[in-house]
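These are the residues of each chain, in order.
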Amino acid sequence: MVTATMTTFKNNIGGTLKDSSSTEYFEKYNPADKNDCLGKFPKSTDKDLDEAVAEAKKAFEVWKNTPAPKRAEVLYKAAEITIAEKESLAQILTRETGKPLVEARGEIQEVIDTYMFFAGEGRRIYGMTGQSELANKSIITIRQPIGICGLIPAWNFPAAVPSWKAAPALITGNVCIIKPSKDAPVSAYKLVEILYRAGLPKGCASVLFGSGEFGDKIVRHPDIKVISITGSTEVGSKVYEICGKMLKKCALELGGKNAIVALEDANQDLLLEGVLWASFGTAGQRCTSCSRLIIQKSSWSDAFIERLANAAKKLTVGNCLDEKNQVGPVITESQRKNIHGFVERAIKEGGKVVCGGNALSGGDYDKGTFYAPTVVSGIKPNMELATQEVFGPVLAVIEVKDFEEAINVANNTEYGLSLSIYTKDVNLAMQASNRLESGIVYINAPTIGAECGGASAFGGWKHTGNGSREGGVLALDTYTQYKTIYIDYSNKLQRAQID
Ligand code: UN1
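Residues numbered from 1 in each chain as written. Predicted model: local features only at pLDDT ≥ 70, side-chain atom pairs only at ≥ 80, totals over all residues. Heavy atoms only, no water.

### Here we look at the state of the cysteines
Definition in use: When the sulfur atoms of two cysteines come within 2.5 Å, that pair is taken as a disulfide.
Tallied over the entire structure, the rule returns 0 disulfides. Left without a disulfide partner, Cys 243 is nearest to the cysteine sulfur of Cys 250, which lies 3.9 Å away.

Given below as structure tokens:
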């Protein structure tokens, strides 16, 4: 329903709010409540993009020469403002994604942690020094910024993921143009507004709106030198192809088919909590969500599946602005249809729905796109539900006979983001962490909840990405290029020993 008071958003071109040259707009509604409109957004145009690029180019000349500890002050200040405004930002996040407020607050905390971490990096951004083959000669390798970065986050973490991209880009002296998902366009816009209030110089960041088609224009723009995108494997592969042709640096954060492996000696209570949280938190719509429980057949495994189903049935689904609700809607009607299609096909293949398996309707459910937390048992390792990403509150249960089979099944997917094992056996836990094919492995903890910090790195193996990492020091690799400087202070021509 379009209300008279609907906010019309403008593009943020380098810190100045400007009407788009477009006459076309899209609207964004709360997926939990079709009467709750977050606003009307322009479908940005080539002309808007060229304007943002022109501003970014000018800003880059100044920002790249600003000392990194000084650049860090902007991120520290942005963290402070974000702390002060955490609650209102979390409310927006819940309205735009449907996720529970408690999770939304957690996501805003992740933004704060990310700013704090990368502000700290402003005093490091380490390079390398080493030994020369010749006397009186030094070699140092430094990191330098690349230029304008096109940042394209997904809708499911519309605050944290833009911060994962913008903070390392900015701290290393780059400038950026962000295109949030049309399904969650507000948080990134707010984040950039805060960065400017924190002192970011004009031109350093822009926010433009649009769908994938507009994202494609960003990817193809010759003056945008780095692309970082979080999205599906299908889109990522196309983006990689374009970047390959244009020789652009590209960071891809793509699909997942994450699993929890439960061995027969697992702590069952801990496992239950972990599976519920990882499978149905964020309505199963994290890149890291657990969508497979690979459980070793044991004296308790059947009873555990029943216990899990009963606990899933008790989760309260609804509009998560109301804190009594634990699971929100899925993002769109078309996504809800996709999810249900997966469940229907799993049943045809022999899966048994032990709870859920349906869209929720009646009463307030009709205002949104809710889907019941679903557990499907009897899934075999090669079935669609065991191998394809669903991105919804659907858990496939796969029974295995032993550790060996569990590891093989866990690795039996094209994806490799987050895998977990529950066991008290330290040897098996360590063998699993060695053999699991994913960028992230958890031991006795669920597949979600990655941190941002020095020892953390967020990213996947196989078709989950292209080797880039976010949420930690390795993110600097995406946004910097190396330069090796040789300093010869011998005052004579020295020839390298093997020249
Ligand atoms: C994502 O879904 O794209 O590890 C990111 C987690 C969160 C981030 C998820 N910290 O679950």
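Here the narrative resumes, following the displayed structure.
### Some words on a nonpolar patch on the surface
Short version of the rule: Like-charged residues are merged into a patch within 9 Å and nonpolar side chains (Val, Leu, Ile, Met, Phe, Trp, Tyr) within 5 Å, provided each residue has over 30% relative accessible area and no salt bridge. Surface accessibility in these figures is a Shrake-Rupley result with a 1.4 Å probe; residues are shielded only by whichever protein chains are displayed. Within this document, salt bridges are pairs made up of a side-chain nitrogen of Lys or Arg and a carboxyl oxygen of Asp or Glu, the two lying within 4 Å of each other. By definition, any uninterrupted DSSP run of H or I lasting at least four residues is a helix, any uninterrupted run of E lasting at least two residues is a strand, and each is numbered from the N terminus.
Together, Tyr 76, Ile 83 and Met 116 make up a nonpolar patch on the protein surface, roughly 260 Å² of accessible area in all. Of note, Tyr 76 is situated in helix α2 (residues 68-84).

### Description of the site of the ligand
Selection rule: In these notes, residues near a molecule or strand are those with any non-hydrogen atom within 4 Å of it. Two N or O atoms form a polar contact when they lie within 3.5 Å of each other; inside protein one atom must be a possible hydrogen donor and the other a possible acceptor, and for residues adjacent in sequence the pair counts only when both atoms belong to side chains.
The full set of residues close to the ligand is Glu 110, Asn 156, Phe 157, Trp 164, Arg 286, Cys 287, Thr 288, Ile 448, Gly 449, Ala 450 and Phe 458. Between an oxygen atom of the ligand and a side-chain N or O atom of Asn 156, the distance comes to 3.1 Å. The backbone of Ala 450 places a nitrogen or oxygen atom 2.7 Å from an oxygen atom of the ligand. In the complex, the protein chains occlude 99% of the 320 Å² of accessible area that the ligand would expose alone.

### Brief notes about the pattern of salt bridges
Using the following cut-off: Relative accessibility thresholds used throughout: buried, under 20% of the residue-type maximum; exposed, over 50%; partly exposed, between the two (1.4 Å probe, protein chains only).
One pass over the structure, following the stated rule, counts 33 salt bridges. Put simply, Glu 80 and Lys 77 hold a salt bridge, and the shortest N to O gap is 3.6 Å. Pair noted here: Glu 80 and Lys 77 are both in helix α2, with a separation of 3 residues, about one helical turn. Judged by its relative accessible area of 46%, Glu 80 is partly exposed. The partly exposed category is assigned to Lys 77, whose relative accessible area is 38%. As a salt-bridge pair, Glu 107 and Lys 99 come within 2.5 Å of each other at their nearest N and O atoms. Judged by its relative accessible area of 3%, Lys 99 is buried. Overlapping salt bridges bring together Glu 87, Arg 105 and Glu 323 as one network.

### Looking at the packing of helix α9 (residues 268-280) against helix α10 (residues 301-314)
What counts here: Between N-to-C directions, angles span 0 to 180 degrees; the directions come from axes that are lines fitted to C-alpha atoms, helices contributing only their stretch in contact. Roughly parallel means an angle under 35 degrees; roughly antiparallel, over 145; roughly perpendicular, 65 to 115; everything else is oblique. Two helices crossing with the near one rotated counterclockwise from the far one by less than a right angle form a left-handed crossing, whereas a clockwise rotation gives a right-handed crossing. Residue contacts are counted whenever heavy atoms from the two residues lie within 4.5 Å of one another.
Here α9 crosses α10 at 50°, and the two axes come no closer than 11 Å. The orientation of α9 relative to α10 falls into the category oblique. Here α9 and α10 pass one another in a crossing that is right-handed. Between α9, through Gln 268, Asp 269, Leu 271, Leu 272, Val 275, Leu 276 and Phe 280, and α10, the contact on the second element is made entirely by Phe 304, Arg 307, Leu 308, Ala 311 and Ala 312.

### Regarding the nonpolar core
Here is the rule: For this analysis, a nonpolar core means a set of buried residues of the types Ala, Val, Leu, Ile, Met, Phe, Trp, Tyr and Cys, connected via side-chain atoms within 4.5 Å.
Tyr 115, Phe 118, Ile 177 and Leu 200 are the most contacted members of the largest nonpolar core, which totals 78 residues. The leading source of residues in this core is helix α4 (residues 101-121), at 9 residues. Dropping the residues within four chain positions of it, Ile 177 is found in contact with Leu 49, Ala 52, Val 53, Ile 148, Cys 149, Gly 150, Leu 151, Ser 206, Leu 208, Ile 218 and Ile 224. Counting residues in each nonpolar core, the second largest holds 33 residues, with Leu 272, Ile 295, Ala 311 and Val 317 among its members.

### Notes on the sheet that holds strand β6 (residues 137-145)
Selection criterion: Pairing between two strands is assigned when DSSP locates at least 2 bridges connecting them.
Read across the open sheet, the 3 strands follow the order β5-β6-β21; overall the sheet is antiparallel. Both outer strands of the open sheet, β5 (128-130) and β21 (480-488), are each paired with one neighbouring strand and no more. Ignoring which end each strand starts from, the neighbouring axes of this sheet average 20° apart.

### Section: helix α8 (residues 233-246)
As a reminder, the rule being used: A helix is expected to span 1.5 Å for every residue after the first.
Taking 1.5 Å of rise per residue, 14 residues should cover 20 Å, and α8 covers 20 Å from first to last C-alpha, within 8% of that figure. Here α8 has its buried residues at Thr 233, Gly 236, Val 239, Ile 242 and Cys 243. Packing partners of the buried residues in α8 comprise α7 (212-220), β10 (224-230), β11 (249-253) and β17 (415-416). At the exit of α8 stands Leu 247, carrying a positive phi of roughly 55°.

### Overview of the pairing of strand β12 (residues 258-262)
Taken across its 5 residues, β12 has 5 buried, putting it largely inside the fold. Side chains of β12 alternate between two faces, with Asn 258, Ile 260 and Ala 262 and Ala 259 and Val 261 buried alike. Sheet topology note: the β12/strand β13 (residues 290-296) ladder contains 5 bridges and is parallel. Pairing of Ile 260 across the sheet is with Leu 293, part of β13. Relative to strand β18 (residues 418-422), β12 runs parallel, the two being bridged by 4 bridges. Counterpart to Ile 260 in the pairing with β18 is Ser 420.

### Structural notes on the environment of Thr 66
Within the fold, Thr 66 resides in the loop between α1 (46-63) and α2. Note on Thr 66: relative accessible area 19%, which makes it buried. Sequence separation between Thr 66 and Thr 172 is 106 residues, and the spatial gap between their C-alpha atoms is 9.9 Å.

### So, the sheet that holds strand β15 (residues 374-377)
Read across the sheet, 7 strands follow the order β14-β15-β16-β13-β12-β18-β19 without closing on themselves; strand pairing throughout is mixed. Looking at which strands have only one partner, the edges of the open sheet turn out to be β14 (352-355) and β19 (440-443). Strand after strand, the sheet turns through a mean of 25° between neighbouring axes, direction not considered. Pairing of β14 with β15 involves 3 bridges; the strand directions are antiparallel. When the sheet's bridge partners are listed, Cys 355 is paired in β15 with Val 375. Across the sheet, helix α14 (residues 426-435) lies against β18 and β19, angled at about 170° from β19, the strand it touches most.

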